[in-house]
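Architecture and fold: a report
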Amino acid sequence: MNCRRKFLEGCLGAAGTALVASAVSVRVEARDTYQRPPEALGLLYDATLCIGCKACVAACKQANDNPAEFSTTDKLWDTPLDTSGYTFNIIKMYRSGTMATKDDETNGYAFMKTSCMHCADPSCVSACPVTAMTKDPKTGIVAYDAEACVGCRYCVVACPFGIPKYQYDSPTGKIGKCELCRHRYKDGHYSACAEVCPTGATLYGRTSDLLSEAKRRLALKPGSVTTYPRGNLSGGPDQSYEGYVGNYKQHIYGETEYGGTQVLKLSAVDFEKVGMPYLSPNSSASTSETIQHTLYGGLLAPFAVLGVMTYVAKRNVHHEDDAPADEPGKE
Ligand code: SF4
Ligand code: SF4
Ligand code: SF4
């Protein structure tokens with residue numbers, strides 16, 4: 001009887017100690033939002049220069065060997081209405097009232113590009129349990145490995161921009177998203193959408209160069225004349241031309257949103273009105289990873305308690321077994 005009481009007392013004492021110790025150990029500090037690598041590559045999309053020709057949509061399809069998608073019954077044209085497992089880039093249109101003037105918020109219209117933002121701290125990478133989504137440490141390109149993907153679609157749910165899309169119609173469905181045309185670099189090419197854009201509305205280059213260019217534009221007087229580069233801002237032949245400065249919102253979308261993105265955007269219409277979500281300067285990956293680690297850390301507590309209880313139980317049972325059978329007071 002004595003022995004059983006001692007055993008329970010030992011267990012309770014040990015469990016209490018283990019619980020306190022583990023409760024202290026699971027307090028995890030929130031990690032910082034990761035920054036873009038210094039050599040990060042990306043795009044600058046300037047909606048005031050976009051004429052809605054959708055050459056970039058067609059070029060993206062071609063560059064990624066993606067099939068046409070139809071939204072009309074005659075099926076004459078590739079007319080995707082949104083990004084999908086087979087459409088990685090789309091130009092959407094903002095419409096207001098009479099739609100008389102381009103880039104006017106009231107009674108106007110405007111364009112907006114939708115494709116992967118190549119976030120500095122991407123939640124698709126953080127959420128993927130098998131590292132099928134990865135961020136290149138040098139270029140910062142967020143790449144996808146179809147061989148590693150198990151089709152869980154955690155990345156689809158995690159992305160704040162709704163970018164990764166699953167190929168639901170395929171028995172071996174994979175995720176489709178822009179990888180900044182990284183497969184074209186070995187042949188001396190860069191992002192197809194930027195290569196074909198006739199106005200330079202989509203511009204490719206190092207994100208640091210693109211950010212400087214965006215700041216230069218915001219400092220110009222609306223209606224004045226300036227030089228607009230086309231193609232690759234950080235290399236390649238000069239294809240620049242002279243054009244009129246748009247009436248920009250003083251906001252570079254992606255400079256700070258979600259911890260910063262490698263694709264940056266300029267617009268004359270409020271970003272939320274053209275479909276870009278309001279996001280804080282912290283990535284949700286930094287928060288969710290902290291919660292995950294805290295949860296996993298918390299799961300250690302019961303195991304620690306169980307371990308200590310098992311040890312104490314074994315020790316007491318040994319003591320009981322080791323004692324001589326005729327020991328006085330033994331039950
Ligand atoms: S190719 Fe350039 S101008 Fe044409 S829709 Fe795309 S971004 Fe706009
Ligand atoms: S936009 Fe979405 S898919 Fe692209 S890197 Fe960011 S989280 Fe990932
Ligand atoms: S970089 Fe390539 S994959 Fe990405 S939107 Fe442009 S053309 Fe499409």
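Look a little higher up for the structure.
Residues numbered from 1 in each chain as written. Chains lettered and ligands numbered in written order. Predicted model: local features only at pLDDT ≥ 70, side-chain atom pairs only at ≥ 80, totals over all residues. Heavy atoms only, no water.

1. Let's talk about the overall build of the chain
Counting its secondary structure elements, the chain contains seven helices and twelve strands. Pairs at least 24 apart in sequence give 62% of the contacts found in the chain among residues at least 6 apart. With the model as given, the accessible surface of the chain reaches about 17800 Å², and the carbon-plus-sulfur share is 57%. (Helix = DSSP H or I, 4+ residues; strand = E, 2+ residues; numbered from the N terminus. Contact = heavy atoms within 4.5 Å. Areas by Shrake-Rupley, 256 points an atom, 1.4 Å probe, with all protein chains shown as cover.)

2. Examining the site of ligand 3
Around ligand 3, the neighbouring residues are Cys60, Asn64, Asn89, Lys113, Ser115, Cys178, Leu180, Cys181, Ser191, Ala192 and Cys193. Because more than half of its atoms lie within 2 Å of the grid, ligand 3 is assigned to the largest cavity. Looking at side-chain class alone, the shell around ligand 3 contains six nonpolar, four polar and one charged residues. (Near = heavy atom within 4 Å. 1 Å grid on protein atoms, 1.4 Å probe; cavity = no way out; pocket = protein on both sides within 12 Å on 5 of 7 lines; lining within 4 Å. Sits in = over half its atoms within 2 Å of the grid points. Nonpolar A, V, L, I, M, F, W, Y, C, P; charged D, E, K, R; others polar.)

3. Overview of empty space enclosed by the protein
All told, the structure shown has four cavities of 30 Å³ or more when counted by the stated rule. Computed from the structure, the largest cavity encloses a volume of approximately 110 Å³. The wall of the largest cavity is formed by 14 residues, among which Cys60, Asn64, Cys178, Cys181 and Cys193 lie closest to the centre. Residue composition of the lining of the largest cavity, by class: eight nonpolar, four polar and two charged. Counted as a void, the second largest cavity has a volume near 100 Å³. Surrounding the second largest cavity, 14 residues form its lining, Cys116, Cys119, Cys124, Cys159 and Ile163 being those nearest its centre. When the residues that make up the lining of the second largest cavity are grouped by side-chain class, the tally is eleven nonpolar, two polar and one charged. (Points joined across faces, edges and corners; volume = space filled by probe spheres on them.)

4. A word on the sheet that holds strand 12 (residues 263-266)
In a beta sheet, neighbouring strands are held together by backbone hydrogen bonds and run either parallel or antiparallel to one another. The three strands are arranged 9-1-12 in an open sheet whose pairing can be described as mixed. A strand with exactly one partner marks an edge of an open sheet, and here the two such strands are strand 9 (202-206) and strand 12. Here the strands of the sheet are splayed against their neighbours by 20° on average, with no regard to which way each runs. Sheet analysis places strand 1 (residues 41-46) next to strand 12, joined by four bridges and oriented parallel. Paired with Leu43 across the two strands is Val263, which belongs to strand 12. Lying on the sheet, helix 6 (residues 207-218) is in contact with strand 1, strand 9 and strand 12; it crosses strand 9 at an angle near 130°. (Pairing = 2+ DSSP bridges. Axes fitted to C-alpha atoms, helices over the stretch in contact; angles between N-to-C directions.)

5. Concerning the nonpolar core
Among the nonpolar cores identified, the biggest contains 50 residues, and Tyr45 and Phe161 are the most heavily contacted of them. Every element with two or more residues in this core is listed here: strand 1, helix 2 (55-63), strand 2 (90-95), strand 4 (108-114), helix 5 (192-196), strand 9, helix 6 and strand 12. Aside from chain neighbours lying at most four places away, what touches Tyr45 is Cys50, Ile91, Phe111, Met112, Lys113, Ala201, Thr202, Leu264, Lys265 and Leu266. Among the nonpolar cores identified, the runner-up in size contains ten residues, and Met133, Val142, Tyr144 and Ile175 belong to it. (Core = buried A, V, L, I, M, F, W, Y, C linked by side-chain atoms within 4.5 Å. Buried < 20%, exposed > 50% of the residue type's maximum accessible area, 1.4 Å probe, protein only.)

6. A closer look at the pattern of salt bridges
In this structure the tally under the stated criterion is 14 salt bridges. For the salt bridge of Arg216 with Glu213, the shortest nitrogen-to-oxygen distance reads 2.9 Å. Pair noted here: Arg216 and Glu213 are both in helix 6, with a separation of three residues, about one helical turn. Taking the shortest distance from any N to any O, the salt bridge between Arg217 and Glu213 comes out at 2.8 Å. With Arg217 and Glu213 both in helix 6 and four residues apart, the pair spans about one turn of that helix. Like Glu213, Arg217 is buried. (Salt bridge = Lys/Arg side-chain N within 4 Å of Asp/Glu carboxyl O.)

7. Quick look at the packing of aromatic side chains
Summed over all chains, the structure comprises eight aromatic pairs. Relative to Phe111, the ring of Tyr109 lies with its centre 6.0 Å away and its plane at 75°, an arrangement referred to as edge-to-face. Given the relative accessible area of 21%, Tyr109 is considered partly exposed. Residue classification places Phe111 among the buried residues on the basis of a relative accessible area of 10%. (Phe/Tyr/Trp six-rings, centres within 6.5 Å; stacked < 30°, edge-to-face > 60°.)

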